[in-house]
Amino acid sequence: MIEAEIRDVDNNIVDRVQLPQEIFGLEVRQDILQSAVVNYLANQRQGTHATKTRGLVRGGGRKPWKQKHTGRARHGSNRSPLWKGGGTIFGPQPRDYSFKLNKQFKRLALNTALSAKLSEGKLLVINALQVEKVSTKGIVGILGKLGIEQQRVLIVLPPARQPGADATVDGSVLDNNRRVVLSARNIYGVRVINVTDINTYGILAHDYVLMTKDSLSLFSATKGGTN
């Protein structure tokens, strides 16, 4: 088991938590992380790029000049790719860039990314992140006390609905999460997500990962999630 410190918003150590070795103690493998990042970025591409071929360019229905006895090269259409204003040869066409990675691989990449952050001292755990009102200044102050105010920070909050078919929405958690999101959305480099939406790319794209105790407990209980 790996031990991590739990701090409050004033950066005081208030407790310690044991983290499972199979999630937070993995060897960092660049090949796994690279594959997960490429998969994420590829799946974000719309693939709507397109160029017109000679068959799609308007005009060109009449033969520019007769076939023979002009002394010029033979041409059948002024929309040939050889002509100015003509079609494009082998230009990009709409396509789907996405590809699948199996669930076990994605989970391994996610756990590997968190293991890397923990080993670098860039995974911070706080007991709670309670915001009484929407205040960008309040979030900036908390990040300042934690010493990460000038860094790219991924804030991971617990869900308002716990896993389970019969789980109900906790209104107080939902409202607090909403206030945190509104307070942090104008801070450059800071992003707030639900622990159920955490992914490898988001972890690696930020300098620090700031998790609440509840979100860390839920993540550990689900063996690293399924993203």
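Refer to the structure printed above.
In this text the structure is predicted, and so the values were computed from the model without any measurement.

Student: Would you explain helix H5 (residues 171–184) in this entry?
Tutor: Given 3.6 residues per turn, any residue in an α-helix points the same way as the ones three and four places further on. Look at H5: 20 Å from first C-alpha to last across 14 residues, which is about the 20 Å you get at 1.5 Å a residue. Turning to H5, its buried residues number three or more, namely Asn-176, Asn-177, Val-180, Ser-183 and Ala-184. One side of H5 carries all its buried residues, which in axial view fall inside an arc of 130 degrees. Packing partners of the buried residues in H5 comprise helix H4 (136–146), strand E4 (153–157) and strand E5 (190–194).

Student: Explanation requested: the nonpolar core in the structure shown.
Tutor: Soluble globular proteins: nonpolar side chains tend toward being buried together. Of all hydrophobic cores here, the largest spans 24 residues; its most connected members are Phe-24, Val-156, Ile-203, Met-211 and Phe-219. Only strand E1 (2–7), strand E2 (13–19), helix H1 (21–24), helix H3 (103–119), strand E3 (123–126), E4, strand E6 (208–212) and helix H7 (213–221) provide two or more residues apiece to this core. It is H3 that provides the largest number of residues to this core, a total of four residues. Each residue touching Met-211, except ones within four places of it in the same chain, is listed here: Leu-123, Leu-124, Val-125, Ile-126, Val-156, Val-195, Leu-216 and Phe-219. Judged by nonpolar contacts, the second largest core, of 19 residues, contains Ile-126, Leu-129, Ala-184 and Val-190.

Student: Got a minute to help me understand the packing of aromatic side chains in this structure?
Tutor: To describe a pair of aromatic rings, you give the distance between the ring centres and the angle between the ring planes. Overall, the coordinates contain three aromatic pairs when judged by the stated rule. Here Tyr-40 and Tyr-201 contribute two aromatic rings whose centre-to-centre distance is 4.7 Å and whose plane-to-plane angle is 15 degrees, an arrangement assigned as stacked. Linking Tyr-40 in helix H2 (residues 30–44) with Tyr-201 in helix H6 (residues 200–204), this pair joins segments that are 161 residues apart in sequence. Across the ring face of Tyr-97, the terminal group of Arg-45 is positioned such that the distance to the ring centre comes to 3.6 Å. Lying over the aromatic face of Tyr-208, Lys-122 brings its terminal NZ or CZ to 6.0 Å of the ring centre.

Student: Even after reading the chapter, I still don't get unusual backbone geometry, so can you show me in this structure?
Tutor: Outside of glycine, negative phi angles account for most residues, and trans bonds account for most peptide bonds. A positive phi angle, near 65 degrees, is found at His-69, a position not held by glycine. One non-glycine residue with positive phi stands out, namely Phe-90, at about 55 degrees.

Student: Explanation requested: the environment of Arg-95 in the structure shown.
Tutor: Along the chain, the position of Arg-95 falls in the loop between H2 and H3. The class of Arg-95 is partly exposed, set by a relative accessible area of 47%.

Student: What am I meant to see in the sheet that holds E2 here?
Tutor: What links the strands of a sheet is backbone hydrogen bonding, and the strands pair in either a parallel or an antiparallel sense. One open sheet accounts for six strands, arranged E2-E1-E3-E6-E4-E5; its pairing is mixed. One side of each edge strand has no neighbouring strand; the edge strands of this open sheet are E2 and E5. Strand-to-strand twist of the sheet, defined as the mean angle between neighbouring strand axes without regard to direction, takes the value 30 degrees. Together, E4 and E5 form the strand contacts of H5, whose direction differs from that of E5 by roughly 160 degrees. In this fold H7 packs onto E1, E2, E3, E4 and E6, with an angle of close to 90 degrees to the strand it touches most, E6.

Student: Teacher, can you tell me more about the pairing of E3 here?
Tutor: Regular strands place side chains that alternate from one sheet face to the opposite one. Residues of E3 alternate between two faces, with Leu-123 and Val-125 on one and Leu-124 and Ile-126 on the opposite face, all of them buried. With two bridges connecting them, E1 and E3 associate as parallel partners. Bridge assignment links Ile-6 to a residue of E3, and that residue is Val-125. Strand direction decides the pairing type here: E3 and E6, joined by four bridges, are parallel. Each bridged residue has a counterpart across the sheet, and for Val-125 the counterpart in E6 is Met-211.

Student: Just checking my understanding: could you explain the side chain of His-206 for this structure?
Tutor: Looking at the secondary structure, you find His-206 in the loop between H6 and E6. For His-206, the contacting residues outside a window of four places in its chain are Lys-117, Arg-152, Val-153, Leu-154, Gly-189 and Arg-191.

Student: Help me understand the pairing of E6 in this model?
Tutor: Burial runs high along E6: five of the five residues are buried. Every second residue of E6 is oriented toward a common face, with Tyr-208, Leu-210 and Thr-212 on one face and Val-209 and Met-211 on the other, all of them buried. Sheet topology places E4 next to E6; four bridges connect them, and they run parallel. Its bridge partner lying in E6, Ile-155 is registered against Leu-210.

Rules and cut-offs
Residues numbered from 1 in each chain as written. Predicted model: local features only at pLDDT ≥ 70, side-chain atom pairs only at ≥ 80, totals over all residues. Heavy atoms only, no water. Helix = DSSP H or I, 4+ residues; strand = E, 2+ residues; numbered from the N terminus. Expected span 1.5 Å × (residues − 1). Buried < 20%, exposed > 50% of the residue type's maximum accessible area, 1.4 Å probe, protein only. Arc of directions from axis to C-beta. Contact = heavy atoms within 4.5 Å. Core = buried A, V, L, I, M, F, W, Y, C linked by side-chain atoms within 4.5 Å. Phe/Tyr/Trp six-rings, centres within 6.5 Å; stacked < 30°, edge-to-face > 60°. Lys NZ or Arg CZ within 6 Å of the ring centre and 35° of its normal. Pairing = 2+ DSSP bridges. Axes fitted to C-alpha atoms, helices over the stretch in contact; angles between N-to-C directions.

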